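Chain and residue survey
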Amino acid sequence: MRRKVVAGNWKMNHTSATGADFAAGIAPKFQTSAEVVFCVPYTNLWCVKEAVKDYPIGIGAQNLHYEDSGAFTGEVSADMLLKMEAKYVIVGHSERRAYYNETDETVNKKLKKAVSKGLTPIVCVGEQLTQREQGITEDLLRMQVRIAYMDVDAETALATIIAYEPVWAIGTGKTATPDQAQQACACVREVFGVLYGTDAASKIRILYGGSVTGANAKDLFDMPDIDGGLVGGASLKTEFVDIVNAVK
């Protein structure tokens, strides 16, 4: 049985003080068997970790560099994240791809670096609206997964989490229907199985992200190939409690 994961991506929101207060306020309200993760801005990692230290909540970052150190102004390394006691890191989010030239190849490098350092990467894949309208969603997902996991062995691959995020549903209020989300996540699981075998495919956890709400979370999470969610805007509200508690 794959344990469900619900990760909140705070994006560029909250100061260290407001983030710690928010996290401390909702942490006692989770009543779920799911693995709960807060992916927060770098400046919030330590204070949010301290705010929820009495609860089984994981702390993650939203990005990392694939080199250990060097002349990479504004970047953060895996070792820096580990010193802040982060356990997870988002890799290849669509906003990183759109605004900061993230590519499938850099996602591959970051995935490898994260796992080699003991971080769990949440590897994002997903299509633009025009790509869905052109009927190439599954072709695109197969390509993104294959390149992200290029030259990655099965043990390393199973130390990751995959998040399917239709780009057209992120922050728009539009949500893929449970059937659409299930079809895409099943496609991701299928290509993972081609790469690593059916047993590995049965173990990899695949999340859905894209305007997940308290109202639609249960229907999404009940789908056979959806193992939880990567939640954006709603993770900044008390509604996140309802989303997490949709996993019983």
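Structure: above.
Fair warning: this is a prediction, and the values are worked out from it, not measured in the lab. (Residues numbered from 1 in each chain as written. Predicted model: local features only at pLDDT ≥ 70, side-chain atom pairs only at ≥ 80, totals over all residues. Heavy atoms only, no water.)

A word on the side chain of Lys4
Considering the arrangement of structural elements, one finds Lys4 in the segment before strand 1 (5–9). One buried charged residue, Lys4, remains without a salt bridge, the closest side chain of opposite sign being Asp227 at 4.6 Å. One polar contact links the side chain of Lys4 to the main-chain carbonyl oxygen of Phe221, over a distance of 2.5 Å. Once residues lying within four places of it in the same chain are set aside, the contact partners of Lys4 are Ala34, Glu35, Phe221, Met223, Ile226, Asp227, Gly228 and Val247. (Helix = DSSP H or I, 4+ residues; strand = E, 2+ residues; numbered from the N terminus. Buried < 20%, exposed > 50% of the residue type's maximum accessible area, 1.4 Å probe, protein only. Lys, Arg positive; Asp, Glu negative; His and termini not counted. Salt bridge = Lys/Arg side-chain N within 4 Å of Asp/Glu carboxyl O. Polar contact = N/O pair within 3.5 Å; in protein donor to acceptor, adjacent residues only side chain to side chain. Contact = heavy atoms within 4.5 Å.)

Observations concerning the environment of Leu111
Relative to the assigned elements, Leu111 resides in helix 5 (residues 104–116). Among the residues examined, Leu111 registers a relative accessible area of 0% and is labelled buried. In contact with Leu111, not counting residues within four places along its chain, are Val91, Pro121, Val123, Ala148, Tyr149, Val152, Thr156 and Thr160.

Section: the pattern of salt bridges
Going through the model one piece at a time under the given rule, you end up with 19 salt bridges. Residues Glu190 and Arg142 are paired through a salt bridge, measuring 3.2 Å at the closest nitrogen-oxygen approach. Pair noted here: Glu190 is in helix 9 (residues 178–196) and Arg142 is in helix 7 (residues 137–148), with a separation of 48 residues, a long-range link. A relative accessible area of 45% means that Glu190 is categorised as partly exposed. A residue is classified by how much of its surface remains accessible, and Arg142, at 26% relative accessible area, is partly exposed. Among the ionic pairs, Arg189 bridges to Asp225, the shortest N-O distance being 2.6 Å. Linking Arg189 in helix 9 with Asp225 in the loop between helix 11 (217–221) and strand 8 (228–231), this pair joins segments that are 36 residues apart in sequence. Residue Arg189 is classed as buried on the basis of its relative accessible area, which comes to 9%.

Re the packing of aromatic side chains
For any pair of aromatic rings, geometry is given as the distance between the ring centres together with the angle between the planes. Taken as a whole, this structure holds 10 aromatic pairs when the rule is applied. Between Trp10 and Phe38, the aromatic rings sit 5.7 Å apart at their centres with planes inclined by 40 degrees, giving tilted as the arrangement. Here Trp10 is found in the loop between strand 1 and helix 1 (16–26), whereas its partner Phe38 is found in strand 2 (residues 35–39), with 28 residues between them in sequence. We note that Trp10, like Phe38, is buried. One aromatic cluster is present, built from ring pairs that chain together Trp10, Phe22, Phe30, Phe38 and Phe240. Lys49 extends its terminal NZ or CZ atom over the ring of Trp46, reaching a point 4.9 Å from the ring centre. (Phe/Tyr/Trp six-rings, centres within 6.5 Å; stacked < 30°, edge-to-face > 60°. Lys NZ or Arg CZ within 6 Å of the ring centre and 35° of its normal.)

Notes on helix 1
For helix 1, every residue scored as buried is listed here: Gly19, Ala20, Phe22, Ala23 and Ile26. When helix 1 is viewed along its axis, its buried side chains cluster within an angular range of 165 degrees and face the same direction. (Arc of directions from axis to C-beta.)

Considerations on the environment of Glu165
On the secondary structure map, Glu165 appears in the loop between strand 6 (161–164) and helix 9. Overall, the relative accessible area of 5% leaves Glu165 in the buried class. Taking C-alpha positions, Glu165 is 12 Å from Thr177, a pair spaced 12 residues apart along the chain. Beyond its immediate stretch of four places on either side in the chain, Glu165 contacts His93, Cys124, Val125, Gly126, Glu127, Ile170, Gly209 and Leu230. For Glu165, the side chain forms a polar contact with the side chain of His93, separated by 3.3 Å.

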